[in-house]
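Below, each chain spelled out in residue letters.
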Amino acid sequence: MRKTITTALAAVLLAAVTACGGGSGGSAGNSSDDTITMGFAQVGAESGWRTANTKSIQESAKSAGIELKFSDAQQKQENQLKAIRSYIQQKVDVIAFSPVVETGWDTVLLEAQRAKIPVILTDRAIDSDDTSLYKTFLGSDFIDEGKKAGKWLVENSDGPVNVVELQGTTGAAPAIDRKEGFEAETKSNPDIKIVASQTGDFTRSGGKQVMEAFLKSQPDIDVVYAHNDDMGLGAIEAIKAAGKKPGTDIKIITVDAVKDGMTALANGEINFIVECNPLLGPQLMDLAKKVVAGEEVPERVVTEETTFTQEQAKAALPDRKY
Ligand code: GYE
């Protein structure tokens, strides 16, 4: 057995050396040399989370020696579809993307499949019955994130609690799942009521605008549940402008734990943050290499995450990288 492995290893090494030697000798893979080319269709630049995610992908592609073609869809599905089609045309070795919404991907992913270009989903999932359309999905468990937010509220409230919810982008996996998880966890307590819920599109300005409207239409708001830090930070501005104290008069729960969110948490303006890790780059590049080499990869890779109270944020902030 050991001998077979050694022989196989020697063959692989020999092949690698031959490939490195270049020239006209037979080379493997889609592209003319051995450099892997990845086409990455990013959602946009809507939040601090997204900025950190983009940086992580660009930096880790570089250190993994992967050539990255990167596009920013400005939160529009049609732009992402265009980007993916152009990657297919350019015959990249692998396509990775973070789908802005869950539905409407089957046709373009079939096109990639027919062109024999493997697809990796990262950060957000798609809603499709055909799981052969992608090799793996790397990202957080958003339902669990919503549950963690709900659990904290259940444990930290007594008496009636009126919640307003700032939802992420309509139709996006993290918006759908963070809502579902939160509702599942809070329904055990009939005192907790979601009195209003609307999308702020994961942006600071969106969160501010929606919160301004909530403050006018809702006479009694106890808690804001924002699907990301940026919308929570926008809500803080609206609450202050209305003459109230964020974190005290109105409690705030958010998801992400980016630096601005953590700073507001440490300052007492946010009360609890559920972490969502944007640093997916290194794992994504590893998976890409395996997928291009035809190796087996797990169909789901879940990111590990924690939660932060105000005290924990104070402790973690000095070392926070993003
Ligand atoms: O929470 C939010 C971003 O898809 C997990 O998108 C991501 C979310 C993140 O805009 O800040």
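As the structure is a prediction and not an experimental result, all values here were calculated from the model. (Residues numbered from 1 in each chain as written. Predicted model: local features only at pLDDT ≥ 70, side-chain atom pairs only at ≥ 80, totals over all residues. Heavy atoms only, no water.)

1. As for the sheet that holds strand E3 (residues 94-97)
For step 1, the next point in the chain: The sheet built from six strands is open, its strands ordered E2-E1-E3-E4-E5-E11 with parallel pairing. Two strands bound the open sheet, and with one partner strand each, they are strand E2 (67-72) and strand E11 (300-302). Neighbour-to-neighbour, the strand axes of the sheet open up by a mean angle of 20 degrees, direction not taken into account.
For step 2, the next point in the chain: Two elements, E3 and strand E4 (residues 119-122), share three bridges in a ladder whose sense is parallel. Across the sheet, residue Ile95 finds its bridge partner in E4, namely Val119.
For step 3, the next point in the chain: Each of strand E1 (37-42), E3, E4, strand E5 (136-139) and E11 is contacted by helix H10 (residues 281-292), which is oriented at about 160 degrees to E4, the strand it contacts most. (Pairing = 2+ DSSP bridges. Helix = DSSP H or I, 4+ residues; strand = E, 2+ residues; numbered from the N terminus. Axes fitted to C-alpha atoms, helices over the stretch in contact; angles between N-to-C directions. Contact = heavy atoms within 4.5 Å.)

2. Observations regarding the nonpolar core
For step 1, the next point in the chain: The biggest cluster of nonpolar side chains holds 38 residues, and the ones touching the most others in it are Met38, Ile120, Leu153, Val163, Ile253 and Leu284.
For step 2, the next point in the chain: The element contributing the most residues to this core is H10, with five residues.
For step 3, the next point in the chain: There are two domains that each give this core at least three residues, and those are domain 1 (37-140 + 278-304) and domain 2 (142-276).
For step 4, the next point in the chain: Setting aside residues up to four positions removed in sequence, Leu153 forms contacts with Val161, Val163, Phe182, Thr186, Ile192, Val223 and Ile253.
For step 5, the next point in the chain: Of all hydrophobic cores here, the second largest spans 28 residues; its members include Leu166, Val210, Met211 and Val224. (Core = buried A, V, L, I, M, F, W, Y, C linked by side-chain atoms within 4.5 Å. Buried < 20%, exposed > 50% of the residue type's maximum accessible area, 1.4 Å probe, protein only. Domains from an automatic or database assignment.)

3. With respect to the packing of helix H3 (residues 77-89) against helix H4 (residues 106-114)
For step 1, the next point in the chain: Where H3 meets H4, the closest approach of the two axes is 10 Å, and the angle between their N-to-C directions is 10 degrees. Taken together, the axis directions place H3 and H4 in an arrangement best described as roughly parallel. Contact residues: H3 offers Leu81, Ile84, Arg85 and Ile88, while H4 offers Thr107, Val108, Glu111 and Ala112. (Parallel < 35°, antiparallel > 145°, perpendicular 65-115°, else oblique.)

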